[in-house]
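Results of the structural survey
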Amino acid sequence: AQRVTQPEKLLSVFKGAPVELKCNYSYSGSPELFWYVQYSRQRLQLLLRHISRESIKGFTADLNKGETSFHLKKPFAQEEDSAMYYCALNPRGSTLGRLYFGRGTQLTVWP
Amino acid sequence: KAGVTQTPRYLIKTRGQQVTLSCSPISGHRSVSWYQQTPGQGLQFLFEYFSETQRNKGNFPGRFSGRQFSNSRSEMNVSTLELGDSALYLCASSLAVFDGTDYGYTFGSGTRLTVV
């Protein structure tokens, strides 16, 4: 069964410090992985998808199939990065159209 | 380009009533998914529609149902409301072509349902 695990419910760092939000998944096939972010009082929005290998707002994420991980990283955290971050998996094929979400990590960046 | 629009934004209903929520996807998007978000359970998939057909369904009781119209707009209905149905209901739309590529999902702001 597909599962996404975000082991940290809360994560706090100081401005300028590196930050890593962990995401592990279980899926036997070839998944598509995403990071979504939800800022306070705003809608859930797509931050990154592994397929595009892009960097958004200084964040990057690399899919490690050996470790079944898709950790989100940023070398220098900013106060405006404070938000709820969700890792999500979309299994390809017959289950197209469904995202499996982790429970989320609340990131707080202190000044 | 207009985003995903959900109406109403807030709803208060009493136990036993039924409710209908509406979602208008981004123009051109044919897939509409619904999720329930609660502090206790997080984001849980309800169902997904593509070209007026339900393609996927999550583990929710039959009281939760949905449909999609020819213009891709979607509605979800919850009958015989229970206190535990209080949640933020999110709709997401996607291009969802059949080549196996996922273009990502765009979420609406949600409908906050409170059952009293």
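Just above sits the structure.
Fair warning: this is a prediction, and the values are worked out from it, not measured in the lab. (Residues numbered from 1 in each chain as written. Chains lettered and ligands numbered in written order. Predicted model: local features only at pLDDT ≥ 70, side-chain atom pairs only at ≥ 80, totals over all residues. Heavy atoms only, no water.)

For the rest of this paragraph, the subject is the nonpolar core. In terms of nonpolar packing, the biggest core is built from 25 residues, with Val-19, Leu-21, Trp-35, Leu-47, Leu-72, Tyr-85 and Leu-107 of chain A touching the most fellow members. Elements that contribute at least two residues to this core include exactly strand E2 (10-14), strand E3 (19-21), strand E5 (31-38), strand E6 (45-49), strand E9 (83-91) and strand E11 (105-110) of chain A. If one sorts the elements of this core by residue count, E9 of chain A sits on top with four residues. With residues up to four places along the chain from it excluded, the contact list for Leu-47 of chain A reads Trp-35, Tyr-36, Val-37, Ile-56, Phe-59, Leu-72 and Tyr-85 of chain A. By size, the runner-up hydrophobic cluster in this structure holds 21 residues, among which are Val-19, Tyr-49, Val-78 and Ala-87 of chain B. (Core = buried A, V, L, I, M, F, W, Y, C linked by side-chain atoms within 4.5 Å. Buried < 20%, exposed > 50% of the residue type's maximum accessible area, 1.4 Å probe, protein only. Helix = DSSP H or I, 4+ residues; strand = E, 2+ residues; numbered from the N terminus. Contact = heavy atoms within 4.5 Å.)

With that settled, consider the pattern of salt bridges. In this structure the tally under the stated criterion is eight salt bridges over all chains. For Glu-20 of chain A, the salt bridge identified is with Lys-22 of chain A, shortest N-O distance 3.1 Å. Since its relative accessible area comes to 29%, Glu-20 of chain A is described here as partly exposed. Notably, a salt bridge pairs Arg-63 of chain B with Glu-82 of chain B, separated by 3.6 Å at the nearest N-O pair. Of the two residues, Arg-63 of chain B sits in the loop between strand E6 (53-57) and strand E7 (64-68) while Glu-82 of chain B sits in the loop between strand E8 (74-78) and strand E9 (87-94), which places them 19 residues apart along the sequence. One continuous salt-bridge network, built from bridges that share partners, spans Glu-20, Lys-22 and Lys-73 of chain A. (Salt bridge = Lys/Arg side-chain N within 4 Å of Asp/Glu carboxyl O.)

Residues and elements named next belong to chain A. The three strands are arranged E3-E8-E7 in an open sheet whose pairing can be described as antiparallel. Every other strand in the sheet has two partners, leaving E3 and strand E7 (60-61) as the edge strands with one partner each. Here E7 pairs with strand E8 (residues 72-74) via two bridges, running antiparallel. Following the sheet pairing, Thr-60 is matched in E8 by Lys-73. (Pairing = 2+ DSSP bridges.)

Residues and elements named next belong to chain B. Taken as a whole and judged by the stated rule, the model has two disulfides over all chains. Note that Cys-23 is cross-linked by a disulfide to Cys-91, the S-S spacing being 1.7 Å. Disulfide Cys-23-Cys-91: torsion about the S-S bond near -55 degrees, hence left-handed. Here Cys-91 lies in strand E9 and Cys-23 lies in strand E3 (residues 19-24), a separation of 68 residues in the sequence. For Cys-23, a relative accessible area of 0% translates into the label buried. By relative accessible area, which is 0% here, Cys-91 ends up buried. (Disulfide = S-S within 2.5 Å.)

Our focus in this paragraph is the pairing of strand E5 (residues 42-50) of chain B. All names here are of chain B. Where burial is concerned, most of E5 is hidden: eight out of the nine residues are buried. Both strand E4 (residues 31-38) and E5 contribute to a ladder of eight bridges, which runs antiparallel. Among the inter-strand pairings, Gln-37 is bridged to a residue of E5, identified as Leu-43. If you look at the hairpin formed by E4 and E5, you'll find three residues sitting between the two strands. In this sheet, E6 lies alongside E5 in antiparallel orientation, the contact comprising four bridges. In the strand pairing of E6, Phe-47 is matched with Lys-57. Where E5 folds back on E6, the antiparallel hairpin that results is connected by two residues, among which Ser-51 adopts a positive phi of roughly 50 degrees.

Residue and element names in this part refer to chain B. Pairing within the open sheet is antiparallel, and its four strands lie in the order E1-E3-E8-E7. Edge strands, defined here as strands with exactly one partner in the open sheet, are strand E1 (5-7) and E7. Across this sheet, the average inter-strand angle for adjacent strands is 20 degrees, counted without regard to direction. The pairing of E7 with E8 spans five bridges and is antiparallel. Within the sheet, the bridge partner assigned to Gly-66 lies in E8 and is Met-76. (Axes fitted to C-alpha atoms, helices over the stretch in contact; angles between N-to-C directions.)

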